[in-house]
Amino acid sequence: MRYDRRMQREIGVVMDPIGSIKIAKDSTFAMMLAADRRQWRIQYMELSDLFLRDDRAWARMREVRVRDDAARWYRFCGEQTRPLDTLPVILMRKDPPFDMEYIYATYLLERAQARGARIINDPRSLRDANEKVFTVQFPQCCPPTLVTRRQADIAEFLARHGEIILKPLDGMGGLSIFRVQAADPNFHVVVETLTDHGSRFCMAQKFIPEITAGDKRILLLDGEPVPYALARIPKPGETRANLVAGGTGVGQALSERDRWIASQVGPELRRRGILFAGLDVIGDYLTEINITSPTCIRELDTRFELDIAGDLMAKLGDE
């Protein structure tokens, strides 16, 4: 069978198993709902469905219909195996960890891209723009930052700043994030754990006390910020503000500083083909740039009567 892109609009989604998602807060699901409202055919894929035959990427695709119903939010209505490049647009929404399997998947997606498919976000940028390290391209926006394997480097950084945050370069959801103070008796074991005794890089950032007011997630569509952020506020006694770590989401309008940070980062995101991204901002500082599978669409839509995923689909539909 020959596949014609002039037929009914189609969109592919590479994601984690759809049966395990929490639809009330899943941004990928919001995108699928927006596509379904436009009567687009949605082709669902997991990483295990992708494969490369000679120089062409293929996939097992299951057409899926979705609805905003916590009891039964999806149903499959067909299955086929076909080249990835027969889809005009593919959303790469697989959550981290950002490991070699993730990188291999970007290679396959890049083959489809070479044959004309639009991949959101660009596969090369997914590889190049590590969500932690990418921030250092915008030093004017960031707190003091260190990336190293060496315990001595981290000890010196801690002595200089008094209190720091340590985190892995490939995590998400607040996993393995440590707040360390000067003379902390657990300092050595924390560093040994994060760096696997000096064999892995980690990131250190100066601790920002304004975390008590929330870790703001600012969403950008094609380099332009959504006018509201979700401030994720840590629960009492906790430093991590991530919602999966127990944080509470509070919606708020962007501040002048938030908009300035977005203006610094947005043009570079656009240049790299990163259509959808999430900035993490604590106080006045940019701490992460999320490009693999940014979240908070559903929370912001609910609080401010927005349609962020719909705006994203409109951009894709116009191209």
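Refer to the structure printed above.
Every residue gets a number counted from 1 within its own chain, in the order that chain's sequence is written. Predicted model: local features are reported for residues with pLDDT of at least 70 only, side-chain atom pairs are reported and counted for 80 or more only, and whole-chain, interface and lining totals are derived from all residues. Values reported for side chains reflect all heavy atoms of the structure, with hydrogen atoms and water molecules removed beforehand.

**A look at helix α4 (residues 151-161)**
Because each turn of an α-helix spans 3.6 residues, side chains separated by three or four positions end up pointing in the same direction. Listed as buried for α4 are Ile154, Phe157 and Leu158. For α4, the angular spread of the buried residues around the axis is 100°, confining them to a single face. Exposed residues lying more than 90 degrees from the buried face of α4 are Ala152, Ala159 and Arg160. Against the buried residues of α4 lie β8 (145-148), β9 (163-168), β10 (178-181), α5 (187-195) and β11 (202-206). Three labels apply to residues, based on accessible area from a 1.4 Å probe with only protein chains included: buried if under 20% of the type maximum, exposed if over 50%, partly exposed otherwise in between. Under the scheme used here, helices are H or I runs from DSSP no shorter than 4 residues and strands are E runs no shorter than 2 residues, and both carry numbers assigned from the N terminus. Arc, as used here, means the arc of the directions from the helix axis to the C-beta atoms. Residues count as neighbours in contact if any of their non-hydrogen atoms are within 4.5 Å of one another.

**Thoughts on the nonpolar core**
Buried together is how nonpolar side chains tend to be arranged in soluble globular proteins. Counting 40 residues, the largest nonpolar core has Met45, Leu84, Ile90, Leu279, Leu286 and Ile289 as its most contacted members. For this core, the elements supplying multiple residues, two or more each, are β4 (56-66), β6 (89-92), α2 (100-114), β12 (215-221), α6 (256-271), β16 (276-282) and β17 (285-290). Counting residues per element, this core draws most heavily on α2, which supplies 6 residues. In contact with Ile289, other than residues within four places in its own chain, are Glu131, Phe134, Thr135, Phe138, Val265, Leu269, Gly278 and Leu279. Buried Ala, Val, Leu, Ile, Met, Phe, Trp, Tyr and Cys residues that are joined via side-chain atoms within 4.5 Å together make up what is termed a nonpolar core.

**A few points about α6**
Along its 16 residues, α6 runs 24 Å from first to last C-alpha, staying within 8% of the 22 Å computed at 1.5 Å per residue. The seven residues ending at a residue and the seven starting there each receive a fitted axis; the angle between those axes is the bend at that residue. Along its length, α6 shows its largest kink, about 30°, at Val265, and proline Pro267 lies within four residues downstream of that point. Residues Asp258, Ile261, Ala262, Val265, Gly266, Glu268 and Leu269 constitute the buried set of α6. Of the residues flanking the end of α6, it is Gly273, one or two places downstream, whose phi is positive at about 75°. Multiply 1.5 Å by the residue count of a helix minus one, and that product is the helix's expected span.

**What about the side chain of Arg232?**
Considering the arrangement of structural elements, one finds Arg232 in strand β14 (residues 228-233). Of the polar contacts made by the side chain of Arg232, one reaches the side chain of Asp280; its length is 2.9 Å. Within 3.5 Å is the distance limit for a polar contact, defined as a pair of N or O atoms, with the added protein rule that one can donate a hydrogen and the other accept it, and that residues adjacent in sequence qualify only through two side-chain atoms.

**Some thoughts on the packing of aromatic side chains**
Aromatic rings from Phe, Tyr and Trp, with only the six-membered ring used for Trp, were paired whenever their centres fell within 6.5 Å, and each pair was classed as stacked if the ring planes differed by under 30 degrees, edge-to-face if by over 60, and tilted otherwise. Summed over the entire model, instances satisfying the criterion amount to 8 aromatic pairs. When the ring of Tyr44 is compared with that of Phe76, the centres are 5.3 Å apart and the planes differ by 45°; the resulting orientation is tilted. Here Phe76 lies in strand β5 (residues 74-83) and Tyr44 lies in strand β2 (residues 41-45), a separation of 32 residues in the sequence. Overall, Phe76 belongs to the partly exposed group, its relative accessible area being 33%. A centroid spacing of 6.4 Å and a plane angle of 40° characterise the contact between Tyr104 and Tyr107, whose relative ring orientation is tilted. Of this pair, Tyr104 and Tyr107 both sit in helix α2, 3 residues apart, which is roughly one turn of the helix. Assessed through its relative accessible area of 39%, Tyr104 is described here as partly exposed. Three or more aromatic residues joined by ring pairs make a cluster, and in this case those are Tyr44, Trp73, Tyr74 and Phe76. Just above the ring of Trp40 sits the side chain of Arg9; from NZ or CZ to the centre is 5.2 Å. In this scheme, Lys NZ or Arg CZ marks a charge over a ring once it lies within 6 Å of the ring centre and within 35 degrees of the ring normal. Sitting over the ring of Phe76, Arg62 keeps its end group 4.6 Å from the ring centre.

**Focus on the pattern of salt bridges**
Salt bridges are identified by distance alone: a Lys or Arg side-chain nitrogen within 4 Å of an Asp or Glu carboxyl oxygen. In the structure shown here, the tally under the stated rule is 30 salt bridges. A salt bridge links Glu63 to Arg41; the nearest nitrogen and oxygen atoms lie 3.3 Å apart. One end of the pair, Glu63, is in strand β4; the other, Arg41, is in strand β2, and 22 residues separate them in sequence. A salt bridge links Glu268 to Arg271, with the nearest nitrogen and oxygen atoms 2.7 Å apart. Of this pair, Glu268 and Arg271 both sit in helix α6, 3 residues apart, roughly one helical turn. Each of Glu46, Asp49, Arg60, Arg62 and Glu79 takes part in salt bridges that share partners, so that together they form one network.

**Structural notes on unusual backbone geometry**
For the bond running from Pro96 to Pro97, omega is 25°, close enough to zero to count as cis. Even without glycine at this site, Cys296 takes up a positive phi of about 90°. By secondary structure assignment, the location of Cys296 is in the loop between β17 and α7 (297-304).

**As for the pairing of β8**
A regular strand places its side chains on the two faces of the sheet in alternate fashion. Only one face of β8 is buried, namely the one carrying Leu146 and Thr148, since none of Thr145 and Val147 on the opposite face is buried. Note on pairing: two strands pair once DSSP finds at least 2 bridges between them. The pairing of β8 with β11 spans 4 bridges and is classified as antiparallel. Along β11, the bridge assignment pairs Val147 with Met203.

**Points about the sheet that holds β8**
The strand order across the open sheet built from 4 strands is β8-β11-β9-β10, with neighbouring strands paired in antiparallel fashion. One side of each edge strand has no neighbouring strand; the edge strands of this open sheet are β8 and β10. When the angles between neighbouring strand axes are averaged without regard to direction, this sheet yields 25°. For β9 and β10, the ladder comprises 4 bridges, and the chain directions are antiparallel. Along β10, the bridge assignment pairs Ile165 with Arg179. In the packing of α4 onto the sheet, the strands contacted are β8, β9, β10 and β11, and the crossing angle to β9 comes to about 145°. Across the face of the sheet, α5 comes into contact with β9, β10 and β11 while running at roughly 25° to β9. Between the N-to-C directions of two axes lies an angle of 0 to 180 degrees, each axis being a line fitted to C-alpha atoms and, for a helix, fitted only over the stretch in contact.

Geometric values such as these leave the question of function open.
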